[in-house]
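Working through the structure, step by step
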Amino acid sequence: MLTGDRPYGWLCSLYILQTDMHDGNDGHPDSPFFLLFCIPLGGYAYSRMTRLIIVAFLLVHLYFEGMSSEVNIEHSYKHYRLPTSIQPEHYNLKIITFFDNPPNLTFNGVVTIRFKTIVDTNNLTLHSQNLIIDQTRIQLKTLDDNRIYYCGQYVDIVPEHNYYIINLCRRLITGEEAEIKLSFKGMLNDQLNGYYRSSYKVKTTNETKWLSVTQFEPAFARTAFPCFDEPNYKAKFKIWLGHHRSMTALSNMPMERQQPISDMTDYVWSIFEESVPMSTYLVAYAVHDFAYKSSGDANVMFRTWSRPEAIDQCNYASKVGPKILRFYEHIFAIPYPLKKLDQFAAPDLGAGAMENWGLITYREAALLFAENVSSETSRQRIADVIAHELAHQWFGNLVTMKWWSDLWLNEGFATYIASLGVAFLNPEWGSLNEEALDNTLTVFRRDSQLSSHPISLPIESTHQIAERFDAISYKKGAAALRMIHMILGQDAFFQGIRRYLLVNVYKNAEQDDLWAAFTERARLLKRIDPKHDMKIIMDSWTLQVGYPLVKVKRDYSNGLVKITQQRFLQNNTYVTNESQKCWWIPLTFTTSSKMDFSTSAPSEWLQCNQFKQQVQLTMENVVAPNEWILFNIQLSGLYRVMYDFQNWVMLNQTLNSNKFQGIHVLNRAQLIDDILWLAWGGYTDYDITFDFLSYMILERQYLPWRAGLESLSHVNRLLRTFHPTYETFQHFMRTIIRPVYYYLNGLNYTRPEYEMSHITILHKSLISSWACRLEIHDCVNTAIKYFHEWKQSANPRSNNHIPVDIRPVVYCTAIRHGGKDDWNFLWQIYLASNVASEKHAIIFSLSCSYNATILRTYINMAYDRNEYIRRQDATFAFSSVARNEIGFTLAKDYFISNIDQLYEFYGAHTQELGNLVSPLASQVVQYEDRNQLTQLIDRKRKYFRKSEKIVLNALETIHHNLNWIERNVKALS
């Protein structure tokens, strides 16, 4: 592009590009060619004839250097990672946001990036996406001499990686510091990422209020301002937000001052203090009209923000947050480094929450709690999400992974540390065991598939990053850390964490840094054998896919216990070499005579040899022939266990006796889940499994039921279309669930909910939901009675006497057995509700209808442009309908018929389209349905580019469903 200031500047840029590509020397500032064309305003220093001669000479030179006009110079840099020639040190970012034209909300900005040159370079490669950059105003300033160069004459754009390559008008030398200044503008999008728009309606006036907020993780900062958008490019940020004076601006740091914008009436700059060094994905800002609640007992300025009409719902979060923050400061021995922390309840947020340093954003349902409306489940989820995001202030913010391959260092740590935070906050909840079980069961399901992936896996393109935000990074990462905690004990574990944090503060790390810290402390405190190394042990868990099945085979005649391992797969009929994988497995065990479930430190290791091959372990005289042996005390290791038949029989005898409570509750949950999934995968048949499960008639604790019912839900899902077999299964389920249903007093509440323990409320909700689903008459009749009394009350919107924690069960049951009038009544309650968690529960309940016409209309409403259901909740509504046996076919047909519109709705940047495939795949039990979905996916392959792993997982689920039905339907009849 030619400019009035530099008539021959494009030749400078072209020449530098040529020398850069050919690794020549003529682009160096000392070159005569560089001096002729590339000094500031140099084009004016020569006569016209001289300039023409020089132009001719240069073109001839370029021709013989292989850079004639026939050479294609676009896309000069194609690697998926930024060049390492530049290290940014400071951003001065100015953004002005405009809300005066709602159909077309925009922002303008200027960013000045100060950087240090690491390697000589002639160009500057940074990220920019969907921004309009004014090339005529690109400025390079060298800080040693304060000279300004106008460098927008030639820019190379590489869309595949969002690269914006500025070919500089002056070569930069190693060690040199400079600034690049870019002016840009963009749209506030509606895709819930980058810098995007959100809105809410004032209930009293129905007026629409607009706001703007950011979501930059993993790679969307580039859509808001040009930047080096990779986690290892940490820098300090000075942020200026321009906005109308009637609104409020927030960013990562406290506001320093506010001043008018000189040429804009009623607009002001909100100027924030300079930040600590941080990655671009943690930058955050918002412009809004929210109210806040201050936490007076916090050591830092701690505020919780929401819509003004929801400010009373901030009380719980404002109390919980500071307590957990102080707990983390204590256990990490590192103070929270900022002066303030804002919690911001965004009406629209693509993620559940985002840990932006000093400005954490949440979905309303993940932060706001309304007394007498929000459930105990909601209370626990809010505590868990807050604890998770606050843990990120150390794990992810203070110390950040070098690249997204080690995302688990952020998310696995935040997930596990959050469980400790919630347990500290409410020890009476028993949440530590519940979280351990939940994480383990989730990993056991996902990681048993061939389409799973290792915790740490190379990422070689931006579109692969989003797929890593999954159960493996979060929950398997957390389960691995819990296993380390059990191995090392309290002191070595936390000393290792503190060392890891202190060594890498404000820096980037990789998992080997963590293993080094743990190894040093573990050896010092003698928690592992000196010849063992945490890297060797833990690499077997993080660098390979899957988890082990520990096989225990006893020789009852000579007292030997032989232990081997293989990878557990959800389908044991797969012919693969996966069974040869080897893990370093910490073994804990007890016997029926000892019944010692208190020791979680390993007593033996199932090891791998130097070639990473399996080594059988033989134990002698550890258990008498007439006793059972049980491995994996309190689920301390991430592995399943398969015993020989006689050991199963002895375990079953204990469970079906009055001694069953002597087995730790987590191990009862483990035994139930293991026996069910061994049958699910084809390792055993269902005869011993259902005989084993008959003990559940005696079970009164929540966790074994949680494990058992989650596993049985998969069997229920596949059998429900096979009526004779399903009736047999339902009879069995009613038999085992009735005793605990009546033990918990069904759906009746004879005492106030606040007098019941937290875990009893969760248990009651779980059991009653199954009882009503299994058509136990007392449950169904009570639910319908509750619903109709509420519906017929004088003012149902403000006078709901249904106990809060069973409302989802009551709503779903009433809608399933009700008609259009009941559905419309609940829909109106949804529209009028001011509580996000209540709206979320109603979205699910509305999908329980067995009326095909209602469900078809409901799916259409989920994607209606009027946004009856918020964009962030559309996938949840669709998935809920898809999991309904009547709704499955309707959802599948809608998905196939509207695939183009759905792709446009979600946008090309997300994996949400893949997230619609998963609930459909889980319901497939007919080959015709499989063929329809696979043909669509094959035909629209480009639509699923961002969700390849999710789709592969879904296709594997379909294959397993059909295989399971062939193996088991007749056998279970």
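Going by an unreviewed UniProt entry, the protein chain carries the name Aminopeptidase and comes from Glossina austeni. We quote the UniProt Sequence similarities (unreviewed entry) comment for the protein chain here in full: "Belongs to the peptidase M1 family." Per UniProt, the protein chain carries the Catalytic activity (unreviewed entry) text "Release of an N-terminal amino acid, Xaa-|-Yaa- from a peptide, amide or arylamide. Xaa is preferably Ala, but may be most amino acids including Pro (slow action). When a terminal hydrophobic residue is followed by a prolyl residue, the two may be released as an intact Xaa-Pro dipeptide."

When helices and strands are tallied, the protein chain shows 27 helices and 31 strands. Relative to the compact-globule value of 30 Å for 973 residues, the protein chain shows a C-alpha radius of gyration of 31 Å, a close match. With respect to the principal axes defined by its C-alpha atoms, the protein chain has extents near 105 × 75 × 60 Å. The buried share of the protein chain, reckoned over its 973 residues, is 61%.

Remark: helix 12 (residues 665-680) packs on helix 13 (residues 686-693), axes separated minimally by 9 Å, with the N-to-C direction vectors making an angle of 160 degrees. In terms of orientation, helix 12 and helix 13 fall into the roughly antiparallel class. Of the two possible hands of crossing, helix 12 and helix 13 adopt the one that is left-handed. Note on element contacts: helix 13 touches helix 12 through Tyr686, Ile688, Thr689, Phe692 and Leu693, opposite Leu671, Ile672, Ile675, Leu676, Ala679 and Trp680. Here the residues of the contact of helix 12 with helix 13 sort into 10 nonpolar, 1 polar and no charged.

What the 4 strands build is an open sheet, ordered 10-11-16-13; its pairing is antiparallel. Across the chains shown, the open sheet's two edge strands, defined by having one partner strand only, are strand 10 (194-201) and strand 13 (248-251). Along the sheet, successive strands turn relative to each other by an average axial angle of 15 degrees, direction set aside. Pairing of strand 10 with strand 11 (residues 208-215), which is carried by 8 bridges, proceeds in the antiparallel orientation. For Ser198, the partnering residue across the bridge sits in strand 11 and is Leu211.

We now examine the pattern of salt bridges. Following the criterion strictly, the structure yields 43 salt bridges and no others. Note that Glu699 is salt-bridged to Arg668, the shortest N-O span being 2.8 Å. On the criterion of sequence distance, the pair formed by Glu699 in the loop between helix 13 and helix 14 (702-719) and Arg668 in helix 12 is long-range, its members being 31 residues apart. Since its relative accessible area comes to 0%, Glu699 is described here as buried. Judged by its relative accessible area of 3%, Arg668 is buried. A salt bridge links Arg941 to Asp938; the nearest nitrogen and oxygen atoms lie 2.3 Å apart. Residues joined by salt bridges that share partners form a network here, namely Arg445, Arg640, Asp673, Asp674 and Glu710.

Looking now at the nonpolar core. One finds Phe225, Tyr285, Tyr328 and Phe895 to be the most contacted residues of the largest nonpolar core, which totals 293 residues. If one sorts the elements of this core by residue count, helix 8 (residues 471-503) sits on top with 15 residues.

Bringing the sheet that holds strand 17 (residues 291-294) into the picture now. The mixed open sheet is built from 5 strands, whose spatial order is 17-18-19-21-20. Edge strands, defined here as strands with exactly one partner in the open sheet, are strand 17 and strand 20 (353-354). As judged from the 5 bridges shared by strand 18 (residues 301-306) and strand 19 (residues 340-346), these two strands associate in the parallel manner. Bridging from a neighbouring strand, Thr304 pairs with Gln343 of strand 19. Along the sheet, helix 5 (residues 376-392) contacts strand 19, strand 20 and strand 21 (359-363); its crossing angle with strand 21, the most-contacted strand, is approximately 150 degrees.

All right, on to the state of the cysteines then. Note: disulfide means a covalent bond formed between the sulfur atoms of two cysteine side chains. One pass over the structure, following the stated rule, counts 4 disulfides. Two residues, Cys151 and Cys169, share a disulfide whose sulfurs are 2.2 Å apart. Taking the sign of the S-S torsion, about -60 degrees here, the bridge from Cys151 to Cys169 comes out left-handed. In this pair, Cys151 sits in the loop between strand 6 (147-150) and strand 7 (155-158) while Cys169 sits in strand 8 (residues 163-172), placing the two residues 18 residues apart along the sequence. Note on cysteine connectivity: Cys582 is disulfide-linked to Cys608, with sulfurs 2.1 Å apart. Disulfide Cys582-Cys608: the torsion about the S-S bond is -105 degrees, which places it as left-handed. Linking Cys582 in the loop between strand 25 (560-567) and strand 26 (585-587) with Cys608 in the loop between strand 28 (604-606) and strand 29 (617-620), this pair joins segments that are 26 residues apart in sequence. The buried category is assigned to Cys608, whose relative accessible area is 9%.

Take the environment of Asn609 next. The topology assignment puts Asn609 in the loop between strand 28 and strand 29. Judged by its relative accessible area of 28%, Asn609 is partly exposed. Placed 25 residues apart in sequence, Asn609 and Trp584 show a C-alpha to C-alpha distance of 9.7 Å. Within the structure, Asn609 has its side chain in polar contact with the backbone nitrogen of Phe611 (distance 2.8 Å).

Quick look at the pairing of strand 2 (residues 106-117) now. Note that strand 1 (residues 86-98) and strand 2 share 12 bridges and pair antiparallel. Along strand 2, the bridge assignment pairs Ile86 with Thr117. Sheet topology note: the strand 2/strand 9 (residues 177-187) ladder contains 11 bridges and is antiparallel. Each residue of the ladder has a partner; that of Arg114, found in strand 9, is Glu179.

With that out of the way, let us pick up the UniProt feature "domain: Aminopeptidase N-like N-terminal" (unreviewed entry) in the protein chain. On the UniProt side, "domain: Aminopeptidase N-like N-terminal" (unreviewed entry) is annotated at positions that read residues 87-282 here. Between the C-alpha atoms that bound residues 87-282 there is a distance of 17 Å. The span itself is 0% helix and 55% strand.

Under the UniProt annotation, "active site" (unreviewed entry) lies at Glu389. Accessibility expressed as a relative area gives 5% for Glu389, which makes it buried. For Glu389, the contacting residues outside a window of four places in its chain are Ala353, Met354, Glu355, Ile360 and Tyr362.

For the coordinates displayed, the defined rule picks out 64 aromatic pairs. An angle of 75 degrees between the planes, with centres 6.4 Å apart, marks the rings of Phe225 and Phe237 as edge-to-face. Taken together, the residues Phe225 in the loop between strand 11 and strand 12 (236-244) and Phe237 in strand 12 connect sequence positions 12 residues apart. What makes Phe225 buried here is its relative accessible area of 0%.

So, about helix 14. For helix 14, built from 18 residues, the straight-helix expectation of 26 Å at 1.5 Å per residue is met to within 8% by its first-to-last C-alpha distance of 25 Å. In terms of residue burial, helix 14 counts as a mostly covered element, since 16 of its 18 residues are buried.

Moving on: the domain arrangement of the protein chain. The domain boundaries assigned to the protein chain delineate domain 1 (86-289), domain 2 (399-543), domain 3 (547-692) and domain 4 (850-972). Inter-centroid distance (C-alpha atoms) of domain 2 to domain 3 is 24 Å. Taken together, the 24 residues of domain 2 in the interface contact 32 residues of domain 3. Summed over both sides, the interface of domain 2 with domain 3 buries roughly 2,600 Å², with 67% coming from carbon and sulfur. Three residues stand out in domain 2 for area buried against domain 3, namely Phe444, Leu450 and Trp541, and they jointly supply 26% of the buried area on that side. Remark: the boundary between domain 2 and domain 3 carries 1 salt bridge. Put simply, domain 2 and domain 3 have 10 residue pairs in polar contact (both at pLDDT 80 or more) between them. When residues of the side of domain 2 that touches domain 3 are traced back to their parent elements, those giving at least two are helix 7 (431-446), helix 8 and helix 10 (534-542). Considering each element in turn, the side of domain 2 that touches domain 3 owes the most residues, 7 residues, to helix 7.

Cut-offs and rules
- Residues numbered from 1 in each chain as written.
- Predicted model: local features only at pLDDT ≥ 70, side-chain atom pairs only at ≥ 80, totals over all residues.
- Heavy atoms only, no water.
- UniProt positions renumbered as here; feature names shortened; annotations may be inferred.
- Helix = DSSP H or I, 4+ residues; strand = E, 2+ residues; numbered from the N terminus.
- Rg over C-alpha atoms; globule rule 2.2 N^0.38 Å.
- Buried < 20%, exposed > 50% of the residue type's maximum accessible area, 1.4 Å probe, protein only.
- Axes fitted to C-alpha atoms, helices over the stretch in contact; angles between N-to-C directions.
- Parallel < 35°, antiparallel > 145°, perpendicular 65-115°, else oblique.
- Left-handed = near helix turned anticlockwise from the far one by under 90°.
- Contact = heavy atoms within 4.5 Å.
- Nonpolar A, V, L, I, M, F, W, Y, C, P; charged D, E, K, R; others polar.
- Pairing = 2+ DSSP bridges.
- Salt bridge = Lys/Arg side-chain N within 4 Å of Asp/Glu carboxyl O.
- Core = buried A, V, L, I, M, F, W, Y, C linked by side-chain atoms within 4.5 Å.
- Disulfide = S-S within 2.5 Å.
- Polar contact = N/O pair within 3.5 Å; in protein donor to acceptor, adjacent residues only side chain to side chain.
- Phe/Tyr/Trp six-rings, centres within 6.5 Å; stacked < 30°, edge-to-face > 60°.
- Expected span 1.5 Å × (residues − 1).
- Domains from an automatic or database assignment.
- Buried area = accessible area lost by both parts, 1.4 Å probe.

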